[in-house]
Amino acid sequence: LRSTIGLKRDLVRVLGNMCYEDRASQDEVREHGAIPLILACTNVDESNPFAKEWSILAVRNMCEGNLENQALIAKLQPQNVQSVPPELSQKGVGVELNKETGKIQVVRD
């Protein structure tokens, strides 16, 4: 059984590289709903070293010269807080989504 460590990172890397200066690939990624999935990979993930960095590069490559992809990202709204860094939690600091404003805010326990 092959390890899945790094699999997500590798998939994001392939998509990002495919989108480099390739409008057809940029459009395909958007049309198949992969942009929000790639954005979700911008968190630190111990099982996928460097996934965050590859995700950032992929977003850059998907958006370069593609106004439709840029507009899709601009329209996105935060849905929830995925995680709070342990360094903040240990100090009694949290992060939550303000449902009224749709903005992330820092809270103290």
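Residues numbered from 1 in each chain as written. Predicted model: local features only at pLDDT ≥ 70, side-chain atom pairs only at ≥ 80, totals over all residues. Heavy atoms only, no water.

**Q** Sorry, what's going on with the packing of helix α2 (residues 23-31) against helix α5 (residues 67-75) here?
**A** In the contact formed by α2 and α5, the axes pass within 9 Å of each other and the chain directions differ by 30°. Between α2 and α5, the angle falls in the class roughly parallel. Of the two elements, α2 crosses α5, and the hand of that crossing is left-handed. Contacts from Arg23, Gln26 and Arg30 of α2 reach α5 at Glu68, Asn69 and Leu72. Classifying every residue of the contact of α2 with α5 gives one nonpolar, two polar and three charged. (Axes fitted to C-alpha atoms, helices over the stretch in contact; angles between N-to-C directions. Helix = DSSP H or I, 4+ residues; strand = E, 2+ residues; numbered from the N terminus. Parallel < 35°, antiparallel > 145°, perpendicular 65-115°, else oblique. Left-handed = near helix turned anticlockwise from the far one by under 90°. Contact = heavy atoms within 4.5 Å. Nonpolar A, V, L, I, M, F, W, Y, C, P; charged D, E, K, R; others polar.)

**Q** What exactly am I supposed to notice about helix α1 (residues 7-19) here?
**A** Every α-helical turn comprises 3.6 residues, leaving residues that sit three or four positions apart pointing alike. Compared with the 18 Å implied by 1.5 Å per residue over 13 residues, the 19 Å span of α1 between its first and last C-alpha is a close match. By the burial criterion, the buried members of α1 are Arg9, Val12, Gly16 and Cys19. Down the axis, α1 shows its buried residues gathered within 95° of arc, on one side only. Residues of α1 that are buried sit in contact with α2, α3 (34-40) and α4 (51-63). Trailing α1 by a residue or two, Glu21 shows a phi angle of about 50°, which is positive. (Expected span 1.5 Å × (residues − 1). Buried < 20%, exposed > 50% of the residue type's maximum accessible area, 1.4 Å probe, protein only. Arc of directions from axis to C-beta.)

**Q** Looking at this structure, I do not really get the nonpolar core. What am I missing?
**A** The tendency in soluble globular proteins is for nonpolar side chains to be buried side by side. Counting 11 residues, the largest nonpolar core is built from Val12, Cys19, Val29, Ala34, Ile35, Ile38, Cys41, Ala58, Val59, Met62 and Cys63. Those elements that provide at least two residues to this core are α1, α3 and α4. At four residues, α4 tops the list of elements feeding residues into this core. In this structure, Cys63 is in contact with Asn69, Gln70 and Ile73, ignoring residues within four places of it in sequence. (Core = buried A, V, L, I, M, F, W, Y, C linked by side-chain atoms within 4.5 Å.)

**Q** Any chance you could explain the side chain of Asn48 here in plain terms?
**A** Counting through the fold element by element, Asn48 comes out in the loop between α3 and α4. A polar side-chain atom of Asn48 sits 3.0 Å from the main-chain amide nitrogen of Lys8. Looking at Asn48, its side chain comes within polar contact range of the side chain of Asp45, at 2.8 Å. (Polar contact = N/O pair within 3.5 Å; in protein donor to acceptor, adjacent residues only side chain to side chain.)

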